[in-house]
Structures are given as C-alpha cells and as structure tokens.
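Spelled out from the first residue to the last, the chains are:
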Amino acid sequence: MSDKNGHRHFSKAYEKLFIQQKVYDLGLYLWPALGKINKEQRFVIVQTLMQEVNEIKKLVFVANKKYSKKDTLRKLDTEIGAFKMDIQWANDLGYLKDPQFEVIANCIIEVGQMVGGWLKSEREKSGTIDADGKEYLCSACGAVITKRISDYSSTHFGRSLCYACQKKVSKK
C-alpha cells in the first residue's frame, strides 16, 4: 500500500499523527540535503543533525503513547530548540543553501508550533492553566499546581501553595 507520493505505509491500522508525518517529511528532505555537505565537515554536522531529528521523532512517538505527556512534550520542545539552533548554525557557516534552509526551517517551525499547541492542550486538560492561559503556580516554590489545589490553598492559607508547601506552612 502506498500513497500518491509513492511512500509505503504498513496498513490503515497504522495511523500517524500529523506531527509524526511532518517529522518524517523533515527527515526525508534533510537526509539528501545533508549528503551534499563537504566531506571534511560532513561527519560531525550530519551526525548531530540526524541524531536530533531521530530524537525528535522518538519523542513525538513516546508523547503520543504516554498517558502523562507534559514532561515528554517539554523535552521535545527543548530538542526542537536545539535543532533550530544547529540548522541556523549550519546555514550561517554555508553548509546549507538558502532554499534548503528555508524549507527545513519552515518545517521545524511548524513542528514546534504543533508541539506548543499540544503542550497547551495537555495543560488545559490537566487543569494547570486558567482561562487566560496562565499556569497555576505555587507562590512559595514555583511548582505547577492544579486549579483545585490553588483554590483550596487560597481559601485555607491565603495564597496558592502546592501540597508540600501547605504541609510546611501548617506545621509552623
């Protein structure tokens, strides 16, 4: 079974997230572009960039499978940031042509926006952000807390506190 571009897919049961397809397409475009880098610099640059793409691919897959996705999505966001910097670096040093860089940069920016939206969606589901999009944070230690915990601690302690800080305050 293959699609209009000739890409083979395992079966209809193997449904990919749109973000997985974007990362896959990024890898397909990146591999030949990196193959054209001169041999003296190729090993380090190509290895670094492909390791980052593989890590991004793995983290997208893991985030899709996990029940609690926030930590994995944060790692994914960090990895995307590192990849953006390395692609910019490769372009500034002249290893990538400007049209290649534009395609790669636009693709990774789109993936980053998808991850940002996914992370925001996960925060909304967990109840750790308010209607304005601000996270509920413990006023003592800065930990992320839920609305329910924030409401309880505001009522009983006069400020938003996580469980650990509530225990510290109640012992005093």
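Chemist: Which residues make up the overall build of the protein, and what values go with them?
Modeler: If you tally the helices and strands in the protein, you get 6 helices and 0 strands. Its helices and strands taken in sequence order, the protein reads α-α-α-α-α-α from the N to the C terminus. Every one of the 172 residues in the protein was classed for burial, and the buried ones make up 33%. When contacts within the protein are restricted to residue pairs at least 6 apart in sequence, those whose partners lie at least 24 apart make up 46%. As presented, the protein carries roughly 11200 Å² of accessible surface, and 54% of it is formed by carbon and sulfur atoms.

Chemist: Help me get a handle on helix H1 (residues 18-35), residues and values and all.
Modeler: An ideal rise of 1.5 Å per residue puts 26 Å on 18 residues; H1 measures up with 26 Å between its terminal C-alpha atoms. For H1, the complete set of buried residues consists of Ile19, Gln20, Lys22, Val23, Leu26, Gly27, Leu30, Ala33 and Leu34.

Chemist: So what about the packing of H1 against helix H4 (residues 98-126)? Which residues, and what values?
Modeler: One can describe the packing of H1 onto H4 by two numbers: an axis separation of 10 Å at closest approach and a directional angle of 160°. When the interaxial angle is binned, H1 and H4 end up roughly antiparallel. With respect to the hand of their crossing, H1 and H4 are arranged in left-handed fashion. Note on element contacts: H4 touches H1 through Pro99, Gln100, Val103, Ile104, Cys107, Ile108, Glu110, Val111, Met114, Val115 and Trp118, opposite Phe18, Ile19, Lys22, Val23, Leu26, Tyr29, Leu30 and Ala33.

Chemist: Now, about the pattern of salt bridges: what can you tell me, with residues and values included?
Modeler: Within the structure shown, the criterion is met by 4 salt bridges. Residues lysine 22 and glutamate 110 are paired through a salt bridge, measuring 3.4 Å at the closest nitrogen-oxygen approach. Here lysine 22 is found in helix H1, whereas its partner glutamate 110 is found in helix H4, with 88 residues between them in sequence. Between arginine 74 and aspartate 71 there is a salt bridge; the shortest N-O distance is 3.7 Å. Here arginine 74 and its partner aspartate 71 are both found in helix H3 (residues 70-92), 3 residues apart, which amounts to about one turn of the helix. Look at aspartate 71 and you get exposed, because its relative accessible area is 51%.

Chemist: Tell me about the packing of H3 against H4, and name the residues and values.
Modeler: Between H3 and H4, the least distance of the axes is 10 Å, while the angle of their chain directions is 165°. By the angle class used here, H3 and H4 are roughly antiparallel. For the pair H3 and H4, the sense of crossing is left-handed. Its residues assigned to classes, the contact of H3 with H4 shows 13 nonpolar, 4 polar and 7 charged.

Chemist: Give me the state of the cysteines: which residues, what numbers.
Modeler: Per the counting criterion, the structure on display carries 0 disulfides. Distance from the sulfur of cysteine 141, which forms no disulfide, to the nearest cysteine sulfur (cysteine 138) is 3.6 Å. For cysteine 141, a relative accessible area of 47% corresponds to the partly exposed category. Free cysteine cysteine 162: the closest other cysteine sulfur is in cysteine 165, separated by 3.6 Å.

Chemist: Please provide a residue-by-residue account of the nonpolar core, values included.
Modeler: Leu30, Leu34, Ile56, Leu76, Phe83 and Ile87 are the most contacted members of the largest nonpolar core, which totals 32 residues. Those elements that place two or more of their residues in this core are H1, helix H2 (39-65), H3 and H4. Here leucine 76 is in contact with Ile56, Leu59, Val60 and Val115, once residues within four sequence places are set aside. If you look at the next biggest cluster of nonpolar residues, it comprises 7 residues, including Ile145, Leu161, Cys162 and Cys165.

Cut-off values and rules
Residues numbered from 1 in each chain as written. Predicted model: local features only at pLDDT ≥ 70, side-chain atom pairs only at ≥ 80, totals over all residues. Heavy atoms only, no water. Helix = DSSP H or I, 4+ residues; strand = E, 2+ residues; numbered from the N terminus. Buried < 20%, exposed > 50% of the residue type's maximum accessible area, 1.4 Å probe, protein only. Contact = heavy atoms within 4.5 Å. Areas by Shrake-Rupley, 256 points an atom, 1.4 Å probe, with all protein chains shown as cover. Expected span 1.5 Å × (residues − 1). Axes fitted to C-alpha atoms, helices over the stretch in contact; angles between N-to-C directions. Parallel < 35°, antiparallel > 145°, perpendicular 65-115°, else oblique. Left-handed = near helix turned anticlockwise from the far one by under 90°. Salt bridge = Lys/Arg side-chain N within 4 Å of Asp/Glu carboxyl O. Nonpolar A, V, L, I, M, F, W, Y, C, P; charged D, E, K, R; others polar. Disulfide = S-S within 2.5 Å. Core = buried A, V, L, I, M, F, W, Y, C linked by side-chain atoms within 4.5 Å.

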